[in-house]
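# Reading the structure
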Amino acid sequence: MTHQTHLFHMVNPSPWPIMGAMAAMMLTVGLVLWFHCNLNLILLLGLTSTLLIMFQWWRDIVRESTYLGHHTPPVQKGLRYGMILFITSEVFFFLGFFWAFYHSSLAPTPELGGQWPPTGITTLDPFEVPLLNTAVLLASGVTVTWAHHSLMEANRASAIHALILTIILGLYFTALQAMEYYEAPFTIADSSYGSTFFVATGFHGLHVIIGSTFLMTCLYRQTMHHFTSNHHFGFEAAAWYWHFVDVVWLFLYISIYWWGS
Amino acid sequence: MYYKFSSFTQNLTGAVAAAAYNPQGLKPLVSTELPSSIFGTPTKVASESPAAVSYWGKNKVPELQKLFQKSDGVLVHLKQGVPDKLLYRTTMALALGGSIYCLIALYMASQPKNRK
C-alpha cells in the first residue's frame, strides 16, 4: 500500500480541464454563429456544458478537501495565492472599463456636445436607487463578516443566519439593478455614455450574480457540516470575492453615477 | 490558555477549549460518548452543547469520508457510482458532440459558395 510522504496534493486524472476547453470552443464558435448565422444551438450547448463542467469540477474539489482531506496547510496556502491572483486579474479587468469611462468623460468630444453627461442624456439620480444599492452592498459586507466570525466561533446558527442575510441582500441588489436597467431613460446605444454605463455596471452585475452563487454554495456546504471553525477556505474565498464586488460598486457609484451625472 | 494552529497565520494562536479538545482533522469517526455519571443526573457533554445541535440536517460528513476513502481504485469524479457516471457521460457526450458540430459548422461557414 503506497502512501504519500509529503503534504502536497497529487490530483487524480480528471476529464474536466479538457472538456472545459471544448466547452470554451463551443461558447466562442456559438457566439460567432449566433451573431452571423442566426444559429443558437451551439451557444446553448456550450453554456450547458460549461455549467455542467463547472459543477462537477468544483464538486470534485469539495470531495478532495472535505471527504479526502487533501487540503493540508501548504495546499491551502496555494489556494489562497490562487484566489488573490484571480481577484487581482478581475481588478485589472474592471480597470479597463474605468479607463474607457474616464477617457470618454474627461474630454467629451464635439459629437457629445462637448459636455459630460452628453447632450440629451438624462442621467439617473445618484441619490435614489443607486444610493440604496450602495447601502445594500455595504450592509452585505457587514453580514458576511458576521458570518465569518460566527463560523470561527463555531456558532452554527449565527453563521447560517448571517450567510442567508448576505445572500438576500445580494439578490435584492440584483433585483434593484434589473429594475433600474428596465426603467433607465437611456440605452446602451446612446453614445459612449450608454456603452460605458451599461458595460461597466453590467459586468459588475454579472459579478454580483457569480458572488451570490458562490455564497449560496457556501450556505449549502455550511448546512452540510463541511466547514470547521478553523478550516473553511471556500467560505473565505467567497467572502473575499464578495468584498471585491462591493469595492468595485463603490468605485462605479462614485465615478459613473455621482461624478458622471 | 489553549492554543491551536492557525491556518491563516501558519502559527499558533489563542483558541477556546472546544477547539483544543476537538482539533479539526482529529475528530474520531465513531462518536465518543462519556460513560454515564455515577450521580445519575446526565451531565452536559461537549458534543451535546448548543453549538453541535443539528441545525438543518445531521452531519453526514463522516460517512461520506468513509465512502470516498474506500481504496477501490475509482477516481474521485466517479467515486459515488451511478449518478457520477451518468452525469459524466452526459457531459462528455455534449462536449464531444458539440465540438464536432463546431468543427462542421466552421467548415461550412468557410465555404461561402456551397451555402448558396
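Given the structure is predicted, the values throughout are model-derived calculations rather than measurements. (Residues numbered from 1 in each chain as written. Chains lettered and ligands numbered in written order. Predicted model: local features only at pLDDT ≥ 70, side-chain atom pairs only at ≥ 80, totals over all residues. Heavy atoms only, no water.)

## Points about the packing of aromatic side chains
Residues and elements named next belong to chain A. Taken as a whole and judged by the stated rule, the model has 31 aromatic pairs over all chains. Aromatic side chains Phe 197 and Tyr 257 sit 5.3 Å apart centroid to centroid with 70 degrees between the ring planes, which places their arrangement in the edge-to-face category. With Phe 197 in helix H6 (residues 191-223) and Tyr 257 in helix H7 (residues 233-259), this residue pair connects regions lying 60 residues apart in the sequence. Using a relative accessible area of 3% as the deciding quantity, one classes Tyr 257 as buried. (Phe/Tyr/Trp six-rings, centres within 6.5 Å; stacked < 30°, edge-to-face > 60°. Helix = DSSP H or I, 4+ residues; strand = E, 2+ residues; numbered from the N terminus. Buried < 20%, exposed > 50% of the residue type's maximum accessible area, 1.4 Å probe, protein only.)

## Here we look at the UniProt feature "domain: Heme-copper oxidase subunit III family profile" (unreviewed entry) in chain A
UniProt's feature table lists "domain: Heme-copper oxidase subunit III family profile" (unreviewed entry) at residues 4-261 of chain A, given in the numbering used throughout. Strand forms 0% of residues 4-261 of chain A and helix 76%; the C-alpha atoms that close the span are 61 Å apart. (UniProt positions renumbered as here; feature names shortened; annotations may be inferred.)

## So, the packing of helix H1 (residues 16-37) of chain A against helix H2 (residues 41-67) of chain A
Any two packed helices are characterised by how steeply their axes cross, that is the angle between the axes, and by the distance between the axes. Residues and elements named next belong to chain A. Where H1 contacts H2, the two axes come as close as 8 Å, and the packing angle between them is 155 degrees. Viewed along their axes, H1 and H2 adopt a mutual orientation that is roughly antiparallel. Our pair here, H1 against H2, has a crossing hand that is left-handed. Here Trp 16, Pro 17, Met 19, Gly 20, Ala 23, Met 26, Leu 27, Gly 30, Leu 31, Leu 33 and Trp 34 of H1 lie close against H2, whose contacting residues are Ile 42, Leu 43, Leu 45, Gly 46, Leu 47, Ser 49, Thr 50, Ile 53, Gln 56, Trp 57, Arg 59 and Asp 60. Its residues placed into classes, the contact of H1 with H2 shows 15 nonpolar, six polar and two charged. (Axes fitted to C-alpha atoms, helices over the stretch in contact; angles between N-to-C directions. Parallel < 35°, antiparallel > 145°, perpendicular 65-115°, else oblique. Left-handed = near helix turned anticlockwise from the far one by under 90°. Contact = heavy atoms within 4.5 Å. Nonpolar A, V, L, I, M, F, W, Y, C, P; charged D, E, K, R; others polar.)

## Brief notes about the interface of chain B and chain A
With 38 residues of chain B in contact, the opposing surface of chain A contributes 42 residues. Both faces combined, the contact of chain B with chain A buries some 3,900 Å², and carbon together with sulfur accounts for 69% of it. For the pair chain B and chain A, the number of links is two salt bridges. Between A:Arg63 and B:Asp84 there is a salt bridge, with its nearest N and O atoms 2.7 Å apart. If you look at where chain B meets chain A, you find nine residue pairs in polar contact (both at pLDDT 80 or more). Those elements giving two or more residues to the side of chain B that touches chain A turn out to be strand E1 (2-6), helix H2 (61-68) and helix H3 (82-109) of chain B. Looking at which element gives the most residues to the side of chain B that touches chain A, the answer is H3(B), with 14 residues. Of the residues that constitute the side of chain B that touches chain A, the class distribution is 22 nonpolar, 12 polar and four charged. (Buried area = accessible area lost by both parts, 1.4 Å probe. Salt bridge = Lys/Arg side-chain N within 4 Å of Asp/Glu carboxyl O. Polar contact = N/O pair within 3.5 Å; in protein donor to acceptor, adjacent residues only side chain to side chain.)

## Some words on a nonpolar patch on the surface
Among the surface-exposed residues, A:Leu41, B:Ile100, B:Tyr101, B:Ile104, B:Tyr107 and B:Met108 lie close enough to one another that they form a single nonpolar patch of about 600 Å² accessible area. With five residues, H3(B) is the single largest residue contributor to the nonpolar patch. Tracing the sequence through the fold places A:Leu41 in helix H2. (Patch = residues over 30% accessible without salt bridge, like charges linked within 9 Å, V, L, I, M, F, W, Y side chains within 5 Å. Areas by Shrake-Rupley, 256 points an atom, 1.4 Å probe, with all protein chains shown as cover.)

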